[in-house]
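Here is what each chain is made of, one letter per residue.
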Amino acid sequence: MLVDLSAPEIRVLGCLLEKQRTTPDAYPLSLNALRLACNQSTNRDPVTEYDEAVIRDALHRLSRRRWARLASGAGSRAPKYRHLLDEALGLPEDELAVLCVLMLRGAQTPGELKQRSERLHPMADLGAVLDALERLIGRELAVRLPRRPGQKEERYAQLLGEDAPEGEAPAAVSAAPPVSAPAPAAAAPRDDDDDDGSAPIAPPPAAPPAPAAPDPRVTRLEEEVAALRADLGALRASLDALREELGA
């Protein structure tokens, strides 16, 4: 399964999943609550300082993937958000718990994962954690990393996006060096005695330039405008429902 989430998207998704399990009464989360969850100093590696603009952008991107959505109901004073990871990936609870901890704390050993995932989903023993990890590897959502020098246990990392440990990610296939076009052969010197008065052969016309690639900044702005329009539509629907409730 090929996924390429940014670091803020991974953190936002992990926090939504974590808070759904650990503080269900406060879930879905408002933008401010989600910012605090992303930047908390405990159970996070690395500790971040994302502002609301970064969180909002990550939510918009996850919404376009259908991995998160606005979940504000009638009477809600602030927009709230929930994840759609259950529907998007269809993972059982033990795999979701392990994947959540990998998203929030980076590469870890099975022993660390067992200890840290208990508050999300109880694991019977270390074998249960290893079984969940093997299933995630089979889905291409996790990877087994080499042991560090002096370390007995292997470590595991998620494969949703920008979180592979530096220097330990699977080696990418290096691109072949570009092949330069051969230099045109130098024209042979003409002998004045061989000049028959004919016109020289004109060189072939140059190939037309390749069309310019679309500016990624423009594409991103277009996507953000579309996401904002979708959010605005959801807010309007919530206001209409509130008006109907008050008028009833």
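Residues numbered from 1 in each chain as written. Predicted model: local features only at pLDDT ≥ 70, side-chain atom pairs only at ≥ 80, totals over all residues. Heavy atoms only, no water.

**Focus on the overall build of the protein chain**
Selection criterion: Per the convention used, a helix needs a DSSP run of H or I reaching at least four residues, while a strand needs a run of E reaching at least two, with both numbered from the N terminus. A simple rule labels every residue: compare its accessible area, found with a 1.4 Å probe on the protein chains alone, to the largest value its type can have, and call it buried under 20%, exposed over 50%, or partly exposed in between. Residue contacts are counted whenever heavy atoms from the two residues lie within 4.5 Å of one another. The method behind every accessible area is Shrake-Rupley, applied with a 1.4 Å probe, and residues are considered shielded solely by the protein chains displayed.
Looking only at helices and strands, the protein chain has eight helices and five strands in total. Counting from the amino terminus, the protein chain carries its helices and strands in the arrangement α-β-α-α-β-β-α-α-α-α-β-β-α. Across the 248 residues of the protein chain, 33% fall into the buried class. Considering only contacts within the protein chain whose residues lie at least 6 apart along the sequence, 59% involve residues at least 24 apart. By element, 56% of the accessible surface of the protein chain is carried by carbon and sulfur atoms, the whole surface being about 15,700 Å².

**A look at the pairing of strand β3 (residues 80-83)**
Stated precisely, the cut-off is as follows: A pair of strands counts as paired when DSSP detects no fewer than two bridges linking them.
In terms of strand pairing, strand β1 (residues 29-30) meets β3 through two bridges, oriented antiparallel. Bridging across to β3, Ser30 finds its partner in Lys80. As paired elements, strand β2 (residues 68-70) and β3 share three bridges and run antiparallel to each other. Bridge pairing in β3 places Leu70 opposite Tyr81.

**A look at unusual backbone geometry**
Across the chain, the bulk of peptide bonds are trans and the bulk of non-glycine residues have phi less than zero. A cis geometry characterises the amide bond from Tyr27 onward to Pro28, with omega recorded as 0°. Assignment of secondary structure puts Pro28 in the loop between α1 (7-22) and β1. That bond from Asp45 to Pro46 is cis: its omega, 5°, falls within 30 degrees of zero. A positive phi is found at Arg66, a non-glycine position, where the angle reads about 65°. Tracing the backbone through its elements, the reader meets Arg66 in the loop between α3 (52-64) and β2.

**Here we look at the side chain of Ser117**
Keep this limit in mind: Pairing of N or O atoms within 3.5 Å defines a polar contact, subject to two protein rules: one partner must be a possible hydrogen donor and the other a possible acceptor, and residues neighboring in sequence count only if both atoms are side-chain atoms.
Within the fold, Ser117 resides in helix α6 (residues 110-117). Within the structure, Ser117 has its side chain in polar contact with the backbone oxygen of Leu113 (distance 2.7 Å). Residues in contact with Ser117, not counting those within four places in the same chain, are Ala97, Val101 and Met123.

**Here we look at the confidence of the model for the protein chain**
Rules: pLDDT measures the predictor's confidence residue by residue and takes values from 0 up to 100.
Across the protein chain, the average pLDDT comes to 80, with 63% of residues at or above 70. The low-confidence segment residues 164-184, where pLDDT is below 50, has nine contacts with residues more than four positions distant or belonging to other chains. Considering only residues more than four positions removed or in separate chains, one finds that residues 187-201, a stretch of pLDDT under 50, has one contact.

**Some details on the side chain of Thr48**
Looking at where Thr48 falls in the secondary structure, it is placed in the loop between α2 (31-39) and α3. Judged by its relative accessible area of 11%, Thr48 falls in the buried class. At 3.3 Å, the side chain of Thr48 forms a polar contact with the side chain of Arg11. A polar side-chain atom of Thr48 sits 3.1 Å from the main-chain carbonyl oxygen of Cys38.

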